[in-house]
Amino acid sequence: MSELVTTEKLSEMTGYTKEAIRMKVKKGVWVKQQHYLKAPDGRLIFIVEMIYQWMKGE
């Protein structure tokens, strides 16, 4: 399974601000179940491998 990380950790790993990450989710740039998951408590959890693929344009 791919590494799963929080918004805070993804921000550290990619250099995107937490606000930029939230906007990508809100605008549908990153797709639920493909780029991120929503935990039962409502927290966003990101799939690192898929985010990196998106960043590389794959």
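Residues numbered from 1 in each chain as written. Predicted model: local features only at pLDDT ≥ 70, side-chain atom pairs only at ≥ 80, totals over all residues. Heavy atoms only, no water.

### Digging into the sheet that holds strand S1 (residues 4-6)
Line of reasoning, step 1. Taken in spatial order, the three strands of this open sheet run S1-S3-S2, and their pairing is antiparallel. Pairing within the sheet leaves two strands with one partner each, and these edge strands are S1 and strand S2 (36-38). On average, each strand axis in the sheet is inclined to that of its neighbour by 35°, with strand direction left out of account.
Line of reasoning, step 2. Pairing of S1 with strand S3 (residues 44-47), which is carried by three bridges, proceeds in the antiparallel orientation. Its bridge partner lying in S3, Leu 4 is registered against Ile 47.
Line of reasoning, step 3. Across the sheet, helix H3 (residues 48-55) lies against S1 and S3, angled at about 65° from S3, the strand it touches most. (Pairing = 2+ DSSP bridges. Helix = DSSP H or I, 4+ residues; strand = E, 2+ residues; numbered from the N terminus. Axes fitted to C-alpha atoms, helices over the stretch in contact; angles between N-to-C directions. Contact = heavy atoms within 4.5 Å.)

### A look at the packing of aromatic side chains
Line of reasoning, step 1. Considering all chains together, one arrives at five aromatic pairs under this definition.
Line of reasoning, step 2. Taken together, a centroid distance of 5.4 Å and an interplanar angle of 90° make the contact between Trp 30 and Trp 54 edge-to-face. Here Trp 54 lies in helix H3 and Trp 30 lies in the loop between helix H2 (18-26) and S2, a separation of 24 residues in the sequence.
Line of reasoning, step 3. Note on Tyr 36 and Phe 46: the rings are 6.0 Å apart at their centroids and 45° apart in plane angle, and the pair reads as tilted. (Phe/Tyr/Trp six-rings, centres within 6.5 Å; stacked < 30°, edge-to-face > 60°.)

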